[in-house]
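Here are the chains, one letter per residue:
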Amino acid sequence: MGVKEYFFNVKNTAVTIFEGMTVTFSHLLRRPITVQYPDRTPEPIENYIEDRFRGILEVDLQSCIGCLLCMKACPLNCIYIEVDRDPELGRVMTQFDIDEGKCMYCGLCTEACPTKTLRHTKEFELSTDTPDEMVLRFIEPGEKVPFYKPQKGVEPPRRPLGEILRTEIFPKLKKNLEYREKGLELIRKRIEHWEDREKLIEFAKYLKKKAGSGDTKALTDVLIEIIGDADFSHQGYNFPKELAAALASGKERVELLDPMGWGSKYLILDIKLALRIARGQSVNDLVGFDLDSILKDVEPEPPKPAAPKRPAARPAPKKPTAEAKKPAEEKKEEKPSSEEKPGEDKK
Ligand code: SF4
Ligand code: SF4
């Protein structure tokens, strides 16, 4: 390689590196575009979704003409419509089901719909316990929906996209939705207080009040609250109470816990904080500021007195005394028990 070629290569390398780094460094100055779905999105999630997105199907029956074209167009038989005749209402639909578990979101049914009343929405969250729950039932059994009669020059009535799913279908469909929302709310709060010092202090004070007495029962109750609906079944704890009791009594170590899912890091921090406060240990290294001195003035609630013991279901049988035996024997004479031998009676 000649000297000229050598310096040419050096220059070429420097230029290439510079060009590459300009792209990299330009990203340093841009605003981040990461969206922390689902808990901290600055706008409703639909706003991030393109209008052409093919989400969960929805039909607005007030403008459905019952032509069955959508049912015929579907290559997977996801749509099932039942039509009947009513003496008063004329032709009616008695069933309109869409099986979202089978749907491949091809859009052929929406293309076929002449009134465009069958639409893909921007909804996409449909986690259910069983595939059967993914069948969207737009007509309840026993209900009759008359066909829409189109009029020339009149636009069929339209409800906002996704409203029927959100207000009518999902609440019926997702029995676990409330449960899931409750869990998400708990995780949101947890993350919030670890990111906001004031909220963390408030939470630590609550822990000190409730579990600071060192009472195992009080600590168990607080840990049940913290664990909430987090899943530890893979570690042999099917109920929060089991895990809370094991942690409070020292039979389980928080370091060995392996919670699954989003927000689990904060769950472990909460448990550690509660355990340390209950045991009178320092929490400063955990929270990163002097929380111990703030908690010094907080008085823990005295432990609740144990519930009175319930009397034994059946008192221990006493040995019958001579006096007690008498009436018993008299009774025996009146009414022989099944334990008496037949021979003794005759005597
Ligand atoms: S989107 Fe495709 S698969 Fe889904 S119901 Fe419509 S036609 Fe069937
Ligand atoms: S949803 Fe559309 S294609 Fe399906 S029956 Fe109604 S009008 Fe016809």
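Residues numbered from 1 in each chain as written. Chains lettered and ligands numbered in written order. Predicted model: local features only at pLDDT ≥ 70, side-chain atom pairs only at ≥ 80, totals over all residues.

## Some remarks on the overall build of the chain
Okay, so step 1: When you go through the chain residue by residue, the secondary structure sums to 13 helices and six strands.
Okay, so step 2: Contacts in the chain between residues far apart in sequence, at least 24 positions, make up 69% of those at least 6 positions apart. (Helix = DSSP H or I, 4+ residues; strand = E, 2+ residues; numbered from the N terminus. Contact = placed C-beta atoms within 7 Å.)

## A word on the site of ligand 1
Okay, so step 1: Around ligand 1, the structure places 13 residues, and the nearest of them are C74, C78, C103, C106 and C109.
Okay, so step 2: When its residues are assigned to classes, the shell around ligand 1 shows twelve nonpolar, one polar and no charged. (Near = placed C-beta within 6 Å. Nonpolar A, V, L, I, M, F, W, Y, C, P; charged D, E, K, R; others polar.)

## Digging into the environment of K122
Okay, so step 1: Within the secondary structure, K122 is located in the loop between β4 (118-120) and β5 (135-137).
Okay, so step 2: For the pair K122 and I45, spaced 77 residues apart in sequence, the C-alpha to C-alpha distance is 9.0 Å.
Okay, so step 3: In this view, K122 contacts E46, I49, F53, G55, L161 and G162; residues no more than four positions away in its chain are not counted.

## Observations concerning the pairing of strand β2 (residues 79-86)
Okay, so step 1: Both β2 and strand β3 (residues 90-99) contribute to a ladder of eight bridges, which runs antiparallel. Paired with E82 across the bridge in β3 is Q95.
Okay, so step 2: Taking the residues that link successive antiparallel strands as the turn, the β2-β3 hairpin has three residues. (Pairing = 2+ DSSP bridges.)

## With respect to the site of ligand 2
Okay, so step 1: Residues in close proximity to ligand 2 total 15 residues, the closest being C64, C67, C70, C113 and L118.
Okay, so step 2: Of the residues assigned to the shell around ligand 2, the class counts are twelve nonpolar, three polar and no charged.

## Description of the nonpolar core
Okay, so step 1: A204, L223, A274 and I277 are the most contacted members of the largest nonpolar core, which totals 29 residues.
Okay, so step 2: Looking at this core, the elements that each hand over two or more residues are α6 (197-211), α7 (216-227), α8 (240-249) and α9 (264-278).
Okay, so step 3: Apart from the residues within four sequence positions on either side, A204 is in contact with L273, I277, V283, L291 and L295.
Okay, so step 4: Membership of the second largest hydrophobic core comes to 18 residues, among which are V59, F96, I98 and L165. (Core = buried A, V, L, I, M, F, W, Y, C linked by C-beta atoms within 7 Å. Buried ≥ 20, exposed ≤ 12 C-beta atoms within 10 Å, placed from the backbone.)

## Details of unusual backbone geometry
Okay, so step 1: One non-glycine residue, N77, adopts positive backbone phi at about 55°.
Okay, so step 2: As for its position among the elements, N77 is in the loop between α2 (69-73) and β2.
Okay, so step 3: For N77, a count of 10 C-beta atoms within 10 Å translates into the label exposed.

## Brief notes about the packing of α6 against α7
Okay, so step 1: Viewed as axis vectors pointing N to C, α6 and α7 meet at an angle of 145°, and their least axial separation amounts to 8 Å. Of α7, the residues touching α6 (which contributes L207, K210 and A211) are A218, L219 and V222.
Okay, so step 2: Of the residues contributing to the contact of α6 with α7, the split by class is five nonpolar, no polar and one charged. (Axes fitted to C-alpha atoms, helices over the stretch in contact; angles between N-to-C directions.)

## Side note on the pairing of β3
Okay, so step 1: Bridge count for β3 against strand β6 (residues 145-146) is two bridges, and the pairing is antiparallel. Bridge pairing in β6 places V92 opposite P146.
Okay, so step 2: Across three bridges, the pairing between β3 and β5 is antiparallel. By the bridge assignment, D97 is partnered in β5 with R137.

## Looking at the packing of α6 against α9
Okay, so step 1: Packing of α6 against α9 brings their axes to within 9 Å, and their N-to-C directions diverge by 50°. As far as their axial angle goes, α9 and α6 are oblique. Crossing handedness for the pair α6 and α9: right-handed. On the side of α6, the interface is formed by A204, L207, K208 and A211, while α9 contributes L273, A274, I277 and A278.
Okay, so step 2: Within the contact of α6 with α9, the residues separate by chemical class into seven nonpolar, no polar and one charged. (Parallel < 35°, antiparallel > 145°, perpendicular 65-115°, else oblique. Left-handed = near helix turned anticlockwise from the far one by under 90°.)

## Points about the confidence of the model for the chain
Okay, so step 1: Across the chain, the average pLDDT comes to 83, with 84% of residues at or above 70.
Okay, so step 2: Note that residues 331-347 has pLDDT below 50 and, in this model, four contacts with residues that lie over four places away or in other chains. (pLDDT = per-residue confidence, 0-100.)

## A word on α8
Okay, so step 1: Along α8, the residues that are buried comprise L243, A244, L247 and A248. Looking down the long axis of α8, one finds its buried residues gathered within 130° of arc, a one-sided arrangement.
Okay, so step 2: In this structure, the buried side of α8 is in contact with α7 and α9.
Okay, so step 3: Downstream of α8 by a residue or two, G250 has a phi angle that is positive, lying close to 85°. (Arc of directions from axis to C-beta.)

## Section: α9
Okay, so step 1: Taking 1.5 Å of rise per residue, 15 residues should cover 21 Å, and α9 covers 21 Å from first to last C-alpha, within 8% of that figure.
Okay, so step 2: Within α9, the full set of buried residues consists of Y266, L267, D270, I271, L273, A274, L275, R276, I277 and A278.
Okay, so step 3: Just beyond α9, the residue with positive phi is G280, at close to 70°. (Expected span 1.5 Å × (residues − 1).)

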